[in-house]
Structure formats: structure tokens, C-alpha cells
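# Remarks on the overall topology
Chain by chain, the residues run as shown.
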Amino acid sequence: MSRLRGQMEAALSSVCFGIAPIFAKKGLMSGLHPLYGATIANTTALIIMIFFALFSGRVIRWEPIKKYGLFFAILAGICNSVALVSFYWAMSIGKIALVVPITCTYPLFTMLAAYLSMRESEVMDIFTVAGTLLIVIGVVLTI
Amino acid sequence: MNLSILLSILCAIAWGVQSIFLKKAMRDIPLSAVILITLIINFIALVFLIGVGVGNGFSVFINISRPIYFYFMVAGFLNYLLGRGFYYSSFRFTSVTQSTSISSTYPIISVVFAITVLGEKLIFHQFIGIGLTLSGAYLLMMKGKR
């Protein structure tokens, strides 16, 4: 049941990630550089999260945070930022038709990294490999 | 291989690997703290980019109209807050590969909206792409039922 909950949450995130570009596209139709759009979008989310942290004590409890977890959260943030910067850089000098499909192969790298570094907790069976491959090929064809 | 392809591959690797770090982080840190930390680091990176001259400087923000702000604020709420919230949260219940693969089907949602809201039409290979993506998602979902 909990695994299904995880899959439902992943599906809901897909819906959110899918609807957001509709609004972003409307914004970009004004001719604004995407970097400014990303900054407004990120800042909006950051302000809401800071409000949550300040005014809802139960949302973020800083006491139990361990350095190990903090280290990986910062690494994740750096990776996300490297992805963001390289994406905009690639878009600015390359063809969108080439850049976007390549960047959409990221689940393959997640699968590879999970196989190499999290074998104890990540079950890598034929369903996972075939499902991931089908999704990546399908998404690349759809874009 | 030109620079744009190298950067695209770097982007895919960084996006792919971040999920592993997120899952490891969430063993010790609450979900909301992870979202906040990644948003802060993203904010620093974006401000740095504008600061070093990508775009036309910070003065651009003054001239952006309210409706454009609104569109990006909604996009930010959906993508950076709700989307990330669900995505990061899913790591607690299922494998990181499954979560990442299922959440990466979002272009299908965009295509459905593009057809229904914007009135766009699909071409042949896009139909095949949607079929393959849904098949892949079904395989991963079926795995959860076993």
C-alpha cells in the first residue's frame, strides 16, 4: 500500500510538473528571458516555504537534522542548480529540439546511480528497467 | 560533439543523480527542510547567473508586468512547491528509480493540455511516444501492486 502511495505521489508530481509549463509558456510569450521566469517561480516557492518555516512550527523541526542528511540535501541542491544552469546554457547556444530530448533521459542516470550506490534498498528488476526505458523513449518521441 | 550536447548530458546526469542525494538526505531530514534547502541553493544559483550577466541584469524585474509575474508565480507554486513536494515525498514510499521515472512522464500531461486548452494537434510519432510512456508507467505501477 505504501509503495502505491509513493507511485500516486510521483504521478501527482508529474501532473504538477506537466501543468506548470502551460503557465510558464504564457509568461514566456511576452519575450521574457526564461532565466527571469525561473527566478520568479523559484522565489515564489521559496517565500511560501519560508513562511511555512516561520509560522508553522510543526512543519520544519531543525533540531533532529543530522549533518549527514544536511550534506546530501546540499549536494542535491547543487546538482539541481548545475542542471538548471547547464540547461539554460545549452538552450541558449544549441537547438531546443536536441537539448530537451537529451535532458529528458535523466531517469536513466537515476537508475544507473541507484544501481551503483543504493543496491541495498533499490530493487532493480525487469519491470523497473523496462518501464523506465519505455518512459524515456516515449517522452523523447512525444516532445 | 558540440558544447550544447555536452551541457545537455551534464544536465541529465545532474538531474538524475540529485534524486539519489535527495533520498539519502530524507533519511535524516524532514521533507519540508529538504525542499527549503534546495530552493535556497537554486535561488543563489539563479541570482548568480543574472549577476554575472546572463540576461539583461536585475533591472529587468522592474519592467515585468503583473500578469507575467502571476503566470510565473503560478508555475513556481505548481512546479517548485507542489510538484517537488509530491516528488520528494514519494521517495519515502517507493524506489527512487520508480518515482523519478513516473514523475518524468510530465510531458504527456503538457501535451494533453496543449491539445485540450491550446487546440494543438499531435503528429504520428507523438502518438507512439504517448503509448510507450503510458506502457512504461503502467509497468511501474503494476510493480507496486505485486
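All figures in this text were calculated on a predicted structure; none of them were measured in a lab.

### Quick look at the packing of helix H3 (residues 67-93) of chain A against helix H2 (residues 31-51) of chain B
At their nearest, the axes of H3 of chain A and H2 of chain B sit 8 Å apart, and the two run at 35° to each other. Here H3 of chain A runs over H2 of chain B; the crossing is right-handed. Contacts from Leu-70, Ala-73, Ile-74, Ala-76, Gly-77, Ile-78, Asn-80, Ser-81, Leu-84 and Val-85 of chain A of H3 of chain A reach H2 of chain B at Ile-37, Thr-38, Ile-41, Asn-42, Ala-45, Leu-46 and Leu-49 of chain B. The residue inventory of the contact of H3 of chain A with H2 of chain B, partitioned by class, reads 12 nonpolar, 5 polar and no charged.

### Some remarks on the state of the cysteines
Using the criterion set out here, one finds 0 disulfides over all chains in the structure. There is no disulfide at Cys-79 of chain A, and the cysteine sulfur nearest it, in Cys-11 of chain B, is 11 Å away. Residue classification places Cys-79 of chain A among the buried positions, given a relative accessible area of 14%. Cys-11 of chain B forms no disulfide, and the closest cysteine sulfur to it belongs to Cys-104 of chain A, at a distance of 9.0 Å.

### Here we look at the confidence of the model for chain B
All names here are of chain B. Looking at chain B, pLDDT values average 87 and 97% of them are 70 or higher. Taking the mean pLDDT of every element in chain B, the minimum, 81, falls on helix H6 (residues 106-116) and the maximum, 93, on helix H4 (residues 66-90). Scored as a complex, the prediction yields pTM 0.86 and ipTM 0.86.

### A short note on the interface of chain B and chain A
On the chain A side, the residues contacting the 109 residues of chain B number 108 residues. Of the roughly 10,200 Å² buried at the junction of chain B and chain A (both faces included), carbon and sulfur atoms supply 77%. Our count for the contact surface shared by chain B and chain A stands at 0 salt bridges. Where chain B touches chain A, the interface holds 17 residue pairs in polar contact (both at pLDDT 80 or more). Elements with a contribution of two residues or more to the side of chain B that touches chain A: helix H1 (3-25), H2, helix H3 (60-63), H4, helix H5 (96-103), H6 and helix H7 (124-145) of chain B. When residues of the side of chain B that touches chain A are assigned to their parent elements, the largest contribution, 22 residues, is made by H1 of chain B. Among the residues making up the side of chain B that touches chain A, the classes are represented as 65 nonpolar, 34 polar and 10 charged.

### Points about the packing of aromatic side chains
The geometry of two aromatic rings is summed up by the distance between their centres and the angle between their planes. Scanning all chains against the criterion turns up 12 aromatic pairs over all chains. Judged by centre distance (5.3 Å) and plane angle (70°), the ring pair of Phe-71 of chain A and Phe-72 of chain A falls under edge-to-face. Owing to a relative accessible area of 47%, Phe-71 of chain A belongs among the partly exposed residues under this scheme. Considering the side-chain rings of Phe-70 of chain B and Tyr-71 of chain B, the 6.2 Å spacing of their centres and the 55° angle between planes classify their relative orientation as tilted. Residue Phe-70 of chain B is classed as partly exposed on the basis of its relative accessible area, which comes to 48%. Taken together, Phe-17 of chain A together with Tyr-87, Tyr-88, Phe-91 and Tyr-106 of chain B form an aromatic cluster joined through their ring pairs.

### Regarding a nonpolar patch on the surface
Residue and element names in this part refer to chain A. Together, Ile-47, Ile-50, Phe-51, Leu-54 and Phe-55 give the surface a local cluster of nonpolar side chains, amounting to about 550 Å² of exposed area. Looking at where Phe-51 falls in the secondary structure, it is placed in helix H2 (residues 34-55). Note on Phe-51: relative accessible area 48%, which makes it partly exposed.

What counts and what doesn't
Residues numbered from 1 in each chain as written. Chains lettered and ligands numbered in written order. Predicted model: local features only at pLDDT ≥ 70, side-chain atom pairs only at ≥ 80, totals over all residues. Heavy atoms only, no water. Axes fitted to C-alpha atoms, helices over the stretch in contact; angles between N-to-C directions. Helix = DSSP H or I, 4+ residues; strand = E, 2+ residues; numbered from the N terminus. Left-handed = near helix turned anticlockwise from the far one by under 90°. Contact = heavy atoms within 4.5 Å. Nonpolar A, V, L, I, M, F, W, Y, C, P; charged D, E, K, R; others polar. Disulfide = S-S within 2.5 Å. Buried < 20%, exposed > 50% of the residue type's maximum accessible area, 1.4 Å probe, protein only. pLDDT = per-residue confidence, 0-100. Buried area = accessible area lost by both parts, 1.4 Å probe. Salt bridge = Lys/Arg side-chain N within 4 Å of Asp/Glu carboxyl O. Polar contact = N/O pair within 3.5 Å; in protein donor to acceptor, adjacent residues only side chain to side chain. Phe/Tyr/Trp six-rings, centres within 6.5 Å; stacked < 30°, edge-to-face > 60°. Patch = residues over 30% accessible without salt bridge, like charges linked within 9 Å, V, L, I, M, F, W, Y side chains within 5 Å. Areas by Shrake-Rupley, 256 points an atom, 1.4 Å probe, with all protein chains shown as cover.

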